[in-house]
Amino acid sequence: MPELCGIELSTPVINASGTYDAIAARSVFGDELLDDFPFSAFVSKTITPEPRAGNAPRRIWETPSGMLNSIGLPNKGLEGFLAEDLPRLAELPVPLIVSIMATTREDFANCVERVARRPEVAAIELNVSCPNVHSGLIVGENPSETEALLEALRPQTEKPLIVKLTPNTAAPAAVAAGAERGGADAVSLINTLKGTAVDPASGVPALGNGYGGLSGPAVRPVALEQVRSVRARVGLSIVGMGGISSGADAAEFLALGATVVAVGTESFRDPRAGSRVAAELECTLLSERSSAPALHLD
Ligand SMILES: Cc1cc2nc3c(=O)[nH]c(=O)nc-3n(C[C@H](O)[C@H](O)[C@H](O)COP(=O)(O)O)c2cc1C
């Protein structure tokens, strides 16, 4: 059975933070969603210490084989999440991973401690990489900042800490090594790649924030290379993501050393994508096993 940092999973396919609103999905699909949930663990949208309204519209812009977003982490804040969302997310039939971001180590540590204390939470993902919020960039671009953050957070909980790496740095593997030295249990990658677009109708930036983060199939080769380089550098578990829309895509990440994979943008096109990718992946892995030669990576 697949597992991530000791958490047993029914399949190797989880969701990417911020790309599947399980509470909204349940209100649309009803309790049937619980009988056939598309992911083997649920990662929440990133929460911050205080409520955030998010960025000005427009927040989404379609690009060739992908999309740009500048959502800007709208969320209810720690207290609102703990009081309102966590009890509802705890009703999902899968382990819950809560994504957290803060602008100071003290705030980060407080959020980790408060969230980890809740028995409903299986693990915590630390968002040090969101390209829409300046404070997130600094830590995730820098190995020693990342190491120091982990050193501050590690004493707050024994639950697994997963560091969500930013791809917007020259050396993501060095940042992963910093996370490992600081005591992280896993890294997840990639977050969105910084990008922008101009609305041809108006000649001004298409996104209200001026720029955003690119995701979807267009980023997959970049994500695969970063997973390969991170795997070569650290022994941590890896959650691989970036443009996965089929089982064959997911198999590429696993072949390069990802422990499990996450589906993001594809869920906007197909809300059942998680289940489909998991089923296709099983077929892909079975047929790979029965048809040599194996994929050589060196
Ligand atoms: C609309 C949208 C919102 C996102 N929100 C978050 C977020 O709150 N926290 C986070 O760590 N990543 C966030 N991401 C990044 C995804 O989790 C994922 O790392 C990225 O989109 C690459 O995977 P994909 O190409 O499969 O979408 C968001 C991505 C999108 C498209």
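Rules behind the numbers
- Residues numbered from 1 in each chain as written.
- Predicted model: local features only at pLDDT ≥ 70, side-chain atom pairs only at ≥ 80, totals over all residues.
- Heavy atoms only, no water.
- Helix = DSSP H or I, 4+ residues; strand = E, 2+ residues; numbered from the N terminus.
- Rg over C-alpha atoms; globule rule 2.2 N^0.38 Å.
- Buried < 20%, exposed > 50% of the residue type's maximum accessible area, 1.4 Å probe, protein only.
- Contact = heavy atoms within 4.5 Å.
- Areas by Shrake-Rupley, 256 points an atom, 1.4 Å probe, with all protein chains shown as cover.
- Near = heavy atom within 4 Å.
- Polar contact = N/O pair within 3.5 Å; in protein donor to acceptor, adjacent residues only side chain to side chain.
- Nonpolar A, V, L, I, M, F, W, Y, C, P; charged D, E, K, R; others polar.
- Salt bridge = Lys/Arg side-chain N within 4 Å of Asp/Glu carboxyl O.
- Pairing = 2+ DSSP bridges.
- Axes fitted to C-alpha atoms, helices over the stretch in contact; angles between N-to-C directions.
- Expected span 1.5 Å × (residues − 1).
- Bend = angle between axes of the 7 residues up to and from the residue.

Caption draft 1: Representation of the overall build of the protein in the model. Secondary structure summary: the protein contains eleven helices and 14 strands in total. For a compact globule of 298 residues, the expected C-alpha radius of gyration is about 19 Å, and the protein comes in at 18 Å, within 12% of that figure. Here the C-alpha coordinates of the protein stretch approximately 50 × 50 × 45 Å along the principal axes. When the 298 residues of the protein are sorted by exposure, 55% land in the buried category. In the protein, once contacts between residues fewer than 6 apart in sequence are set aside, the share between residues at least 24 apart is 73%. Of the roughly 12700 Å² that the protein leaves accessible, carbon and sulfur atoms contribute 54%.

Caption draft 2: Region of the structure containing the site of the ligand. Around the ligand, 23 residues are found, and the nearest of them are Ser17, Thr46, Ile190, Gly243 and Thr265. Between Asn127 and the ligand, the recorded distance is 3.4 Å, taken from a side-chain N or O atom to an oxygen atom. The protein chains hide 98% of the 600 Å² of surface that the ligand would expose on its own. Looking at side-chain class alone, the shell around the ligand contains seven nonpolar, 14 polar and two charged residues.

Caption draft 3: Examining the pattern of salt bridges more closely. All told, the structure shown has 19 salt bridges when counted by the stated rule. Here Arg181 ties to Glu147 by a salt bridge, and the two come within 2.9 Å at their closest N and O atoms. Of this pair, Arg181 sits in helix 7 (residues 172-182) while Glu147 is found in helix 6 (residues 143-153), placing the two residues 34 residues apart along the sequence. Judged by its relative accessible area of 48%, Arg181 falls in the partly exposed class. Note that Arg276 is salt-bridged to Asp270, the shortest N-O span being 3.0 Å. A residue is classified by how much of its surface remains accessible, and Arg276, at 25% relative accessible area, is partly exposed. The network of salt bridges with shared partners includes Glu266, Arg269, Asp270, Arg276 and Glu280.

Caption draft 4: Region of interest: the sheet that holds strand 7 (residues 96-100). Read across the open sheet, the eight strands follow the order 3-14-13-10-9-8-7-4; overall the sheet is parallel. Pairing within the sheet leaves two strands with one partner each, and these edge strands are strand 3 (13-15) and strand 4 (42-43). Bridge count between strand 8 (residues 121-127) and strand 9 (residues 161-164): four bridges; the pairing is parallel. Note on strand 9: the bridge partner recorded for Glu125 is Ile162. Each of strand 8 and strand 9 is contacted by helix 6, which is oriented at about 155° to strand 9, the strand it contacts most.

Caption draft 5: Here's a closer look at helix 3 (residues 77-89). The terminal C-alpha atoms of helix 3, which comprises 13 residues, lie only 15 Å apart, well short of the 18 Å expected from a rise of 1.5 Å per residue. At Ala83, helix 3 shows its maximal kink, close to 40°; a proline, Pro87, follows between one and four residues later. For helix 3, the complete set of buried residues consists of Gly77, Leu78, Gly80, Phe81, Leu82, Asp85, Leu86 and Leu89. Looking at the buried residues of helix 3, the elements they touch are helix 1 (22-29), strand 4, strand 7, helix 4 (105-116) and strand 8.

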